[in-house]
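Coordinates in review
Now for the letters of each chain:
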Amino acid sequence: MTRTWQKRPHSVRAVLARSLATVTAAALAQLACSEPAPPAPNLVLITLDTLRADRLGSYGHAPARTPVLDGIAAGGVRFQDAVSQATTTPPSHASILTGLNPARHGLRKLHGQRLPEANETLAEILRARGYTTAAFVSDLPLGSRTGLDQGFDLYDELDEQIPAGAGEAGDTNARVFRWLDDAPEAPVFLWVHYFDPHHPYYPPTDYRDAVGLGDADWAQKVLPRNTNRKRPDGRTLKTPAPKVTENMSRLYDAEVAYTDAAVGALLARLREEGLLDDAVVAFVADHGEQLGEGGYYFGHWDVLEETARVPMVISHSDGRHAGAVVEQLVATIDLLPTLLAWLGVDASLDFDGRDLTPLARGEALPERPVYTEQFEYFPVRAMRGRDWMLRQAAAPRARVEDAEALLQPRTRARSNRASPRDVVAAEDAKQALSQALSEAAHPEERHETEWIEVPGAVRAQLRALGYTDEARGPDR
Ligand SMILES: [Zn+2]
């Protein structure tokens, strides 16, 4: 696949920030009459699009072929119950990169919006501290027009003119490896985004062969992404036969296996370059995928267990907390504060997320519910507690108390409502969740959403990927 390759010039602000950081560090070192501080660890952040937590071996999926990701988990901390803050790609990544819930960072939709500049991203925080920052993304909706490029010296994205819309992991690695050929200056913050587990599930032949579906061309022809309900365009899609769903599920596993191998190739090259000698390596997914649950097929339309729960792992080359498994409910907005703590960076910013290191050490942190939303198709938001979830079909500006909210056991499918007896037992939980939902949906301080034009060519590519193409007003 062809892709753009442009070194973005440093912004004046960023250059000033880096110079200031250097000057300050030098002045401090002189004052202390000591050697300069030891070099900061590198950071490698891998985001895996559309990867359900329960499809990795380390999360209990027996047929999984994910030795690399499982290996990272074995050498680090695995968060068993992590929930993403949006089940749409750009808002979820914006939460990962800012440590904020969507209502605060202001990016809520797949396209047509831009992450407001006033946000302070992980890349901006680290670049101000002398890091070389580079991102490689494999999906059009994560292009720089989304504003997620804030703070990156290099933001390597797909060419909007190429009619594909998504890049394969092998191509993504090739782009990263070309950057590594130029020996970037350490410390490095590298973000690599892989897209392969996203529909359509069509991994290279070897991987289709491995699940006995080497000649599965039919899958692409007969199975569009399917919500099994009336779509906004008025069409109702048929429910696939069980055998077809099973095959699609195996192809999904094959895509995950292919992605795992690509992560292995990436780490091998980084190791060769010495960039993993002193490094934090983390991976997380932006959302999961529905493979038939709740009547949804091959998409991520809601904020249910299979779409909102994601794998999340942090490891350090010094082996800290290796093999720890955290069972407590956590959020992907917690990743950023935790990474900063592991890198020894004090950003003094007001994140919605929190440093999870105490949990990694086996200590307690107060339990708290986690917010998640999906505003692209059938707007819905939820506050998820350990046992209960308060879920509400809603417009972002509607008040929580004005709409009917559904309390349900959080681990069950959408259709399984709580029994009346359960609801009585959970009345306290409901009140707490309702208040937390209201606060997360309508925070006192927030960045106003910025709307942008999306070129027709990009809209056409999004349609080809199975996304609808509705322009919706800011009140949705
Ligand atoms: Zn995604």
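Structure shown above.
In what follows, the accompanying structure is described. Since the model is a prediction, treat every value here as computed from it, not as a measurement. The residue numbers shown here count from 1 along each chain, following its written sequence. The predicted origin of the model limits local features to residues at a pLDDT of at least 70 and limits the giving and counting of side-chain atom pairs to 80 or more, whereas totals for whole chains, interfaces and linings rest on all residues. Only hydrogens and water are removed before side-chain values are computed, so all heavy atoms of the structure are retained for them.

Concerning the nonpolar core
What counts is decided by this rule: Side-chain atoms within 4.5 Å are what join buried Ala, Val, Leu, Ile, Met, Phe, Trp, Tyr and Cys residues into a set we call a nonpolar core. Whether a residue is buried, partly exposed or exposed follows from its accessible area with a 1.4 Å probe, protein chains only, as a fraction of its type maximum: under 20%, in between, or over 50%, in that order. Secondary structure elements follow DSSP: runs of H or I of four or more residues count as helices, runs of E of two or more count as strands, with numbering from the N terminus. We call two residues in contact when some of their heavy atoms are within 4.5 Å.
In this structure, Leu-45, Phe-189 and Trp-191 are the most contacted members of the largest nonpolar core, which totals 92 residues. Looking at this core, the element that brings in the most residues is helix 9 (residues 242–272), giving 12 residues. Residues contacting Trp-191, with those up to four places away along its chain left out, are Leu-45, Thr-47, His-93, Leu-97, Ala-134, Ala-135, Phe-136, Val-137, Leu-142, Phe-152 and Tyr-155.

Things to note about the side chain of Arg-391
For clarity, the cut-off: Polar contact is defined as a pair of N or O atoms within 3.5 Å, subject to the rule that within protein one atom must be able to donate a hydrogen and the other to accept it, and that residues adjacent in sequence are counted only when both atoms are side-chain atoms.
Here Arg-391 lies in strand 15 (residues 388–393). Polar side-chain contacts of Arg-391 include one of 2.7 Å to the side chain of Asp-302.

Regarding helix 6 (residues 169–181)
Put simply, the rule is: By this rule the span expected of a helix is its residue count minus one, scaled by 1.5 Å.
For helix 6, which comprises 13 residues, the first-to-last C-alpha distance of 18 Å matches the rise-based estimate of 18 Å (1.5 Å per residue) to within 8%. Buried residues belonging to helix 6 abut strand 4 (132–136), strand 5 (154–156), strand 6 (188–194) and helix 9. Just past helix 6, the residue Ala-183 takes up positive phi, approximately 50 degrees.

Notes on the coordination of the zinc ion
The condition that has to hold: Each metal's donors are the N, O and S atoms found within 2.8 Å of it, except that Na, K and Ca use a 3.2 Å limit; water is left out, so coordination can look incomplete. Just to be clear on the cut-offs, tetrahedral is four donors with all angles between 85 and 135 degrees, square planar is four donors and octahedral six with opposite donors over 155 degrees apart and all others between 65 and 115, and anything else goes down as irregular.
Around the zinc ion, the donor atoms from the protein are Asp-49 (OD), Thr-89 (OG1), Asp-286 (OD) and His-287 (NE2), and they sit 2.0 to 2.1 Å away. Its 4 donor atoms give the zinc ion angles of 100 to 126 degrees at the centre, a pattern that matches the tetrahedral case. Every donor residue of the zinc ion comes from the same chain, spaced as D-x39-T-x196-D-H. Both residues of the pair, Asp-286 and His-287, count as buried.

Quick look at unusual backbone geometry
Leaving glycine out, the prevailing phi sign among residues is negative, and the prevailing peptide bond configuration is trans. With an omega of 0 degrees, the peptide bond running from Ala-186 to Pro-187 counts as cis. Looking at the secondary structure, you find Pro-187 in the loop between helix 6 and strand 6. Geometrically, the link from His-199 to Pro-200 is a cis peptide bond, its omega value of 0 degrees lying close to zero. With respect to the helices and strands, the residue Pro-200 is situated in the loop between strand 6 and helix 7 (205–210). One non-glycine residue with positive phi stands out, namely His-321, at about 55 degrees.

A look at the pairing of strand 4
Remark: a regular strand shows side chains that alternate across the two faces of the sheet. The condition is simple: For two strands to count as paired, DSSP must find a minimum of two bridges between them.
With 5 of 5 residues buried, strand 4 is to be regarded as a mostly interior element. Residues Thr-132, Ala-134 and Phe-136 point to one face of strand 4 and Thr-133 and Ala-135 to the other, with burial holding for every one of them. Taken together, the 3 bridges between strand 4 and strand 5 define a ladder with parallel strand orientation. Across the sheet, Ala-134 pairs through a bridge with Leu-154, a residue of strand 5.

Examining the packing of helix 6 against helix 9
Helix packing geometry: the angle between the two helix axes and the distance between the axes. The test is simple: The axes used here are C-alpha line fits, helices contributing only the stretch in contact, and every angle between their N-to-C directions lies in the interval 0 to 180 degrees. Comment on the angle field: the value is read as roughly parallel under 35 degrees, roughly antiparallel over 145, roughly perpendicular from 65 to 115, and oblique elsewhere. Following the grouping adopted for this structure description, the nonpolar residues are Ala, Val, Leu, Ile, Met, Phe, Trp, Tyr, Cys and Pro, the charged ones are Asp, Glu, Lys and Arg, and the polar ones are all others, Gly among them.
Across the interface, helix 6 lies against helix 9 with an axial gap of 10 Å and an inter-helix angle of 10 degrees. Between helix 6 and helix 9, the interaxial angle falls into the category roughly parallel. For the pair helix 6 and helix 9, contact is made by Ala-169, Gly-170, Asn-173, Val-176, Phe-177, Leu-180 and Asp-181 and by Tyr-258, Ala-262, Ala-265, Leu-266, Arg-269 and Leu-270, respectively. Residues that form the contact of helix 6 with helix 9 fall into these classes: 9 nonpolar, 2 polar and 2 charged.

Describing the pairing of strand 1 (residues 42–48)
Within strand 1, 7 of the 7 residues are buried, which leaves it mostly tucked inside the rest of the structure. Burial along strand 1 is two-sided: the face carrying Asn-42, Val-44, Ile-46 and Leu-48 and the face carrying Leu-43, Leu-45 and Thr-47 are both buried. As judged from the 7 bridges shared by strand 1 and strand 7 (residues 279–285), these two strands associate in the parallel manner. For Ile-46, the partnering residue across the bridge sits in strand 7 and is Phe-283. Note: strand 1 against strand 6, 6 bridges, orientation parallel.

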